[in-house]
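# Observations on the model geometry
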Protein chains: 2
Amino acid sequence: MTTLDMKNNQWTLAARPVGLIKDTDFKHSTAPVSAPKEGQILVRNSLISVDPAMRSWMNEGKSYMESIRIGDVMRAGGAGYVVQSQDSRFSVGDAVTGAVGVQEYAILEAKDATKVDATSAPLSSYLNVLGIPGFTAYFGLLEVGQLKQGETVLVSGAAGAVGSSVGQIAKVKGCRVVGIAGGPEKCKYLTETLGFDAAVDYKSPDVRKLLAVACKDGVDVYFDNVGGAILDLALARLRPRARIVLSGAVSQYNNTERGEGPKNYMALLMFRARMEGFVIFDYEARYPEAQAQLREWLAAGKIKSHEDIADSLMAFPSALRRLFEGANTGKMLVKLRDGAGAV
Amino acid sequence: MTTLDMKNNQWTLAARPVGLIKDTDFKHSTAPVSAPKEGQILVRNSLISVDPAMRSWMNEGKSYMESIRIGDVMRAGGAGYVVQSQDSRFSVGDAVTGAVGVQEYAILEAKDATKVDATSAPLSSYLNVLGIPGFTAYFGLLEVGQLKQGETVLVSGAAGAVGSSVGQIAKVKGCRVVGIAGGPEKCKYLTETLGFDAAVDYKSPDVRKLLAVACKDGVDVYFDNVGGAILDLALARLRPRARIVLSGAVSQYNNTERGEGPKNYMALLMFRARMEGFVIFDYEARYPEAQAQLREWLAAGKIKSHEDIADSLMAFPSALRRLFEGANTGKMLVKLRDGAGAV
């Protein structure tokens, strides 16, 4: 392995977390930067995507993706620029996204990297509305949820990356949209900035009543990003033939024991309703279709791409924790300092 | 209202049950028999269908069907023979099925009665494999469950009316079938009489392990008739893209409080699986299609119609309780004494 005269700052997995992640579950270290081999590219990362699913990758055992081994660089999506290329499809300076890991430099197989146009939209939007969160909202709502014009959509984690895309896409599709988020600030953001019809603060002691008022005619599609008690509340508001899209369960990832199940699941029987889980990677072949549509809506100002950006690689552990504290509004990202690693 | 010179023995609802039903939740009484009006028929009932759903009709409040009022004749499906007809579609002596109630005589609107051929199949099978339980199995498995040849089907309440049809239909469709039932007798019945590939006794302390062995390659379709703890066990055995068909929840109907939800519901997310409730009445327009197919299989000996028959109207409350005690094997029916009501 040829190494280059550059240092790579990295966060590796130091321990399998119990409950909420701690700084000591990660280890900051430096490593030499390898030269790309035939078919590979070397990317200098600009932005690291911080995602709730990271928490499940840190656990041992079976999930929809392999868990990360202790000592490995923490898995992450991200975006950056090609600094060396051993593949004819990429040139130095190309903007790319891919599974770059929580580090300054990444070697990617060229076939696993995606070239993006950072002139027509900000690089950050390719990790948000024009990337996996946007695709998750798009396919979850339209394919799994089979959304139809005029229906009522309820979405939890509504101020987060996926949730804010869900609500905005549903508005474009002519639906009534109710968002669930934590705190009056976020609720105001949903209705005033993103154009939701109503927002419910799940931290309110009156959440059940507020939800009943906001969804007084029931819910056709509930897009669930959080699981737990909110899922149960949503089950109580279903309309006949409602669809519940299980996209994530941020309230559950830190549990050391399985939480309670949704007590109201019998509503599925009563309302002939469906609850279905999905994993976005199954739709990979159709990402271009989703991106083209989302790009059109973004350019036309019909949807917005809003990011919550931590300003250094060192901030990664606390940025990840922000997700589980519900502190972020919009897609959580870590920005790497300019010229990072050029030591 | 013209009354006839006959007495009608009936069971009416006396009280809304709390928990398991008691004899005193019903009241036995007699009433005069009315003459049918234009467009109606008078039916002398031979068989009353005893169904788990009866328990939910006895509760107050919203379900997929209106609840029964105190004092009303207990709602029930059944089969019998026309004794008077005021509709050109029916003649005296015709065998019919319909919502006859728990009584000896019923006035039915002719449009709501179904003429059946009691010479080509026993009348009882029209309340079982050739009736609602068979249709529930047929559409639940093939439409909601989207069953494909070669898949593994798990069904709970497998020795009951719906469950035994589910397993037999799945066998006809070339699937591997595992049934869950209570006690070694029923399990033996499933494998030896109905041709299931395996049976698991839910009363065994090793039920979790037995289920893991019987479904060692996982489950593609779980047809749930019971809910509760068994649903949770089944969720832990799913294969990718599995379908859970919620058809009933006999374990839950007597609960005075909502039971626990399925703790393992997150398996839906992990396995991109779906859980969907349905109500058979939504498929009413397609009953003839199902009946024709089921009749063909029944005539060819590919499926069996097995009934558990209590031998008098007086036995109705205890027959209903048998369902919730899991005492019945096959469709639970009440047979009325010959010449009943011809006082």
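Notes on the structure follow. (Residues numbered from 1 in each chain as written. Chains lettered and ligands numbered in written order. Predicted model: local features only at pLDDT ≥ 70, side-chain atom pairs only at ≥ 80, totals over all residues. Heavy atoms only, no water.)

### What to know about the sheet that holds strand β10 (residues 198-201) of chain B
Hydrogen bonds between backbone groups are what pair the strands of a sheet, and the pairing can be parallel or antiparallel. Stated precisely, the cut-off is as follows: Here, any two strands with at least 2 DSSP bridges between them count as paired. Each helix corresponds to a stretch of at least 4 residues labelled H or I by DSSP, and each strand to a stretch of at least 2 residues labelled E; elements are numbered beginning at the N terminus. Axes here mean lines fitted to C-alpha atoms, for a helix over just the part in contact, with angles spanning 0 to 180 degrees between N-to-C directions.
Strand order across the open sheet formed by 12 strands is β10(A)-β9(A)-β8(A)-β11(A)-β12(A)-β13(A)-β13(B)-β12(B)-β11(B)-β8(B)-β9(B)-β10(B), with mixed pairing between neighbours. A single partner strand is all that each edge strand has here, and the edge strands are β10 (198-201) of chain A together with β10 of chain B. Averaged over all neighbouring strand pairs, the angle between strand axes comes to 15°, with direction disregarded. Bridge count for strand β8 (residues 152-156) of chain B against strand β11 (residues 219-224) of chain B is 3 bridges, and the pairing is parallel. Paired with Val153(B) across the two strands is Val221(B), which belongs to β11(B).

### A word on helix α8 (residues 287-299) of chain A
All names here are of chain A. In plain terms, the rule: Multiplying 1.5 Å by the helix residue count minus one yields the expected span of that helix. Summary of the burial criterion: residues with accessible area below 20% of their type's maximum are buried, those above 50% are exposed, and those between are partly exposed, where the area comes from a 1.4 Å probe applied to protein chains only. This arc describes the spread of directions from the helix axis toward the C-beta atoms. A contact between two residues is defined here by any heavy atoms of the two lying within 4.5 Å.
Here α8 contains 13 residues, and its C-alpha end-to-end distance of 18 Å stays within 8% of the 18 Å for a straight helix at 1.5 Å per residue. Within the sequence span of α8, burial applies to Tyr287, Ala290, Gln291, Leu294, Trp297 and Leu298. Summarising the axial view, the buried residues of α8 lie within an arc of 130°, below the 170-degree limit, and thus occupy one face. In α8, those exposed residues whose orientation departs by more than 90 degrees from the buried face are Pro288, Glu296 and Ala299. Against the buried residues of α8 lie α2 (132-144) and α3 (161-172). Gly301, located one to two residues past α8, shows a positive phi value of around 75°.

### Here's the deal with the packing of α2(A) against α8(A)
Residues and elements named next belong to chain A. Heads up, the condition is: Note on angle classes: values under 35 degrees are labelled roughly parallel, values over 145 roughly antiparallel, values of 65 to 115 roughly perpendicular, and the remainder oblique.
Contact geometry of α2 with α8 gives a least axis separation of 10 Å together with a crossing angle of 100°. Considering their axes alone, α2 and α8 lie roughly perpendicular with respect to each other. Between α2, through Ile132, Gly134, Phe135, Tyr138 and Phe139, and α8, the contact on the second element is made entirely by Tyr287, Glu289, Ala290, Gln291, Gln293, Leu294 and Trp297.

### Observations concerning the pattern of salt bridges
Defined as follows: The salt bridge criterion pairs a side-chain nitrogen of Lys or Arg with a carboxyl oxygen of Asp or Glu, the two atoms within 4 Å.
A complete count under the given rule lists 36 salt bridges over all chains for this structure. Residue Asp282(A) pairs with Arg272(B) through a salt bridge whose shortest N-O separation is 2.7 Å. Of this pair, Asp282(A) sits in the loop between β13 (274-277) and α8 while Arg272(B) sits in the loop between α7 (267-270) and β13 (274-277), placing the two residues on different chains. The partner of Asp308(A) in a salt bridge is Arg322(A), and the shortest N-O contact between them spans 3.0 Å. Of this pair, Asp308(A) sits in strand β14 (residues 307-310) while Arg322(A) sits in helix α9 (residues 316-325), and the two are 14 residues apart along the sequence.

### Let's talk about the interface of chain A and chain B
Cut-off, in case you're wondering: Defined here as a combined quantity, buried area equals the accessible surface (1.4 Å probe) lost by two parts on assembly, summed across both. Pairing of N or O atoms within 3.5 Å defines a polar contact, subject to two protein rules: one partner must be a possible hydrogen donor and the other a possible acceptor, and residues neighboring in sequence count only if both atoms are side-chain atoms.
Opposite the 35 residues of chain A that make contact, chain B presents 35 residues. For the pairing of chain A and chain B, the buried interface totals around 2900 Å² over both sides, and the portion due to carbon and sulfur atoms is 59%. Inspection of the region where chain A meets chain B yields 6 salt bridges. A salt bridge links Arg274(B) to Glu276(A); its shortest N-O distance comes to 3.2 Å. Applying the counting rule to chain A against chain B returns 11 residue pairs in polar contact (both at pLDDT 80 or more). Within the residue set of the side of chain A that touches chain B, elements represented by two or more residues are α6 (228-235), β12 (238-246), α7 (267-270) and β13 of chain A. Here the side of chain A that touches chain B gets 4 residues from one element, more than from any other, and that element is β13(A). Relative to β13(B), β13(A) is paired through 3 bridges, and the arrangement is antiparallel. Within the sheet, the bridge partner assigned to Arg274(A) lies in β13(B) and is Glu276(B).

### A look at the relation of the copies chain A and chain B
Worth spelling out the cut-off: For this overlay, a least-squares fit was computed on C-alpha atoms, restricted to residues scoring pLDDT of at least 70 in both copies.
With an axial shift of 0.0 Å and an RMSD of 0.0 Å, the rotation relating chain A to chain B amounts to 180°. As the rotation angle and translation indicate, the two copies are arranged about a two-fold axis. Within chain A, the C-alpha atom positioned nearest to the axis of rotation is that of Gly261(A), 2.0 Å from it. The share of interface residues of chain A whose copies in chain B are also at the interface is 100%, consistent with both copies meeting through the same surface.

### Quick word on the packing of aromatic side chains
Put simply, the test is: Only rings of Phe, Tyr and Trp enter the pairing, Trp through its six-membered ring, and a pair is recorded when the two centres are within 6.5 Å. The plane angle decides the type: under 30 degrees is stacked, over 60 is edge-to-face, the rest tilted. For a ring to carry a charge above it, either NZ of a lysine or CZ of an arginine must fall within 6 Å of the ring centroid while also lying within 35 degrees of the normal to the ring plane.
Taken as a whole and judged by the stated rule, the model has 14 aromatic pairs over all chains. In this arrangement the basic side chain of Arg75(B) is found over the ring face of Trp57(B), its NZ or CZ atom lying 5.2 Å from the centre.

### A look at the environment of Leu323(B)
All names here are of chain B. Secondary-structure assignment places Leu323 in helix α9 (residues 316-324). According to the relative accessible area criterion, Leu323 is buried, its value standing at 12%. Leu323 sits 273 residues away from Val50 along the chain, and the two C-alpha atoms are 8.2 Å apart.

### A look at the packing of helix α2 (residues 132-144) of chain B against helix α3 (residues 161-172) of chain B
All names here are of chain B. Rules: The hand of a helix crossing depends on one turn: near helix anticlockwise from the far one by less than a right angle means left-handed, and clockwise means right-handed. By the convention adopted, Pro, Cys, Tyr, Trp, Phe, Met, Ile, Leu, Val and Ala count as nonpolar, Lys, Arg, Asp and Glu as charged, and the other residues, Gly among them, as polar.
At a minimum axis distance of 8 Å, the contact between α2 and α3 shows a crossing angle of 50°. The pairing of α2 with α3 is recorded here as oblique in orientation. Between α2 and α3 the crossing geometry is right-handed. On α3, the residues that touch Pro133, Gly134, Thr136, Ala137, Tyr138 and Leu141 of α2 are Ala161, Val162, Ser165, Val166, Ile169 and Ala170. In the contact of α2 with α3, the residues fall into 9 nonpolar, 3 polar and no charged.

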